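Examination of the molecular architecture
Letter by letter, the chains look like this.
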Amino acid sequence: MSKEEKEEETQPTETITDILDKLVPPDEIEIIDIFGNSYKKPCILSARKQIKVVREFEQMILYVNETDLSFSNNVELINSIIKAATDENVLIHLGLCFEQAFPKVVEKSKAYAKKKKIELDPDTPILDIFSIEELVGSVVPLFIRLAKKLSGALATLS
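Quick caveat: nothing in here was measured; it's all calculated off a predicted structure.

1. Some remarks on empty space enclosed by the protein
Counted under the stated rule, the structure contains one cavity of 30 Å³ or more. Reported here for the largest cavity is a volume of approximately 40 Å³. As for the largest cavity, its lining consists of Leu-45, Gln-50, Val-53, Val-54, Leu-142, Phe-143 and Leu-146. Of the residues that constitute the lining of the largest cavity, the class distribution is six nonpolar, one polar and no charged.

2. A look at helix α3 (residues 47-61)
The end-to-end C-alpha distance of α3, which contains 15 residues, comes to 21 Å, matching closely the 21 Å that a straight helix rising 1.5 Å per residue would cover. Regarding α3, the residues found buried are Val-53, Glu-56, Phe-57 and Met-60. Seen from one end, α3 has its buried residues packed into an arc of 105°, which puts them on one side. Within α3, the exposed residues directed more than 90 degrees away from the buried face are Ala-47, Arg-48 and Arg-55.

3. Description of the nonpolar core
If you look at the biggest cluster of nonpolar residues, it comprises 31 residues, and the most contacted ones within it are Ile-31, Leu-94, Phe-98, Phe-102, Val-105, Phe-130 and Leu-135. Of all the secondary-structure elements, those providing two or more residues to this core are β1 (28-32), α3, α5 (88-101), α6 (103-115), α7 (126-129) and α8 (132-157). Look past the residues within four positions of Phe-130 in its chain and what remains in contact with it is Ile-31, Ile-32, Asp-33, Ile-34, Phe-98, Val-105, Val-106, Ser-109 and Leu-135.

4. Notes on the pairing of strand β2 (residues 38-42)
In regular strands, side chains alternate between the two faces of the sheet. Across five bridges, β1 lies against β2 in antiparallel orientation. Bridged to Ile-32 within β2 is Ser-38. Where β1 hands over to β2, the hairpin turn is made up of five residues, of which Gly-36 adopts a positive phi near 95°.

5. Points about the side chain of Asp-33
Topologically, Asp-33 is positioned in the loop between β1 and β2. Buried within the structure, Asp-33 lacks any salt-bridge partner; its nearest side chain of opposite charge belongs to Lys-108, at an N-O separation of 10 Å. A polar atom in the side chain of Asp-33 sits 2.9 Å from the backbone nitrogen of Asn-37. Sequence-distant contacts of Asp-33, defined by excluding residues within four places in its chain, comprise Tyr-39, Ser-109, Ile-129 and Phe-130.

6. Quick notes on unusual backbone geometry
A positive phi angle is found at Lys-117, which is not glycine, with a value near 60°. Judged by its relative accessible area of 75%, Lys-117 falls in the exposed class.

7. Examining the packing of α3 against α5
α5 packs onto α3 with a crossing angle of 175° between their chain directions and a minimal axis gap of 8 Å. The pairing of α3 with α5 is recorded here as roughly antiparallel in orientation. Residues Lys-49, Lys-52, Val-53, Glu-56, Phe-57, Gln-59 and Met-60 of α3 form the contact with α5, whose participating residues are Val-90, His-93, Leu-94, Leu-96, Cys-97, Gln-100 and Ala-101. For the contact of α3 with α5, the class distribution of residues is eight nonpolar, three polar and three charged.

About the criteria used
Residues numbered from 1 in each chain as written. Predicted model: local features only at pLDDT ≥ 70, side-chain atom pairs only at ≥ 80, totals over all residues. Heavy atoms only, no water. 1 Å grid on protein atoms, 1.4 Å probe; cavity = no way out; pocket = protein on both sides within 12 Å on 5 of 7 lines; lining within 4 Å. Points joined across faces, edges and corners; volume = space filled by probe spheres on them. Nonpolar A, V, L, I, M, F, W, Y, C, P; charged D, E, K, R; others polar. Helix = DSSP H or I, 4+ residues; strand = E, 2+ residues; numbered from the N terminus. Expected span 1.5 Å × (residues − 1). Buried < 20%, exposed > 50% of the residue type's maximum accessible area, 1.4 Å probe, protein only. Arc of directions from axis to C-beta. Core = buried A, V, L, I, M, F, W, Y, C linked by side-chain atoms within 4.5 Å. Contact = heavy atoms within 4.5 Å. Pairing = 2+ DSSP bridges. Lys, Arg positive; Asp, Glu negative; His and termini not counted. Salt bridge = Lys/Arg side-chain N within 4 Å of Asp/Glu carboxyl O. Polar contact = N/O pair within 3.5 Å; in protein donor to acceptor, adjacent residues only side chain to side chain. Axes fitted to C-alpha atoms, helices over the stretch in contact; angles between N-to-C directions. Parallel < 35°, antiparallel > 145°, perpendicular 65-115°, else oblique.

This is the structure:
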């Protein structure tokens, strides 16, 4: 066993709270649709929208294997979600999370597509106008902020 492997074995495993403490969600995110249109949105949602997004996210998680969501930092988290999003069911629910969080962005992009006579799937148009990385990159920061607040509150209570 090499020295590096021994050091890795003796180092404590990070908890989700440790990871969340290191993650810093942005105050604002830039969303770019496949047409190149850019939308700047605050990285915070009202309680009503948060509930809807969290419920949809829970539906998405039902289709994700635990091994697909193994991560120790924010880059691995995003990579894990992108990997999981290659499952059509996961991708559909991720799109619905995005739509719940950013309905005006979705409407503007759909209107642009209609104006340009670009055909969209009537059931899941979000998947035709946004890339996976835009969907993930826009939704994940919303959960980081919420999770940090919750973990702080739970730490205070205990």
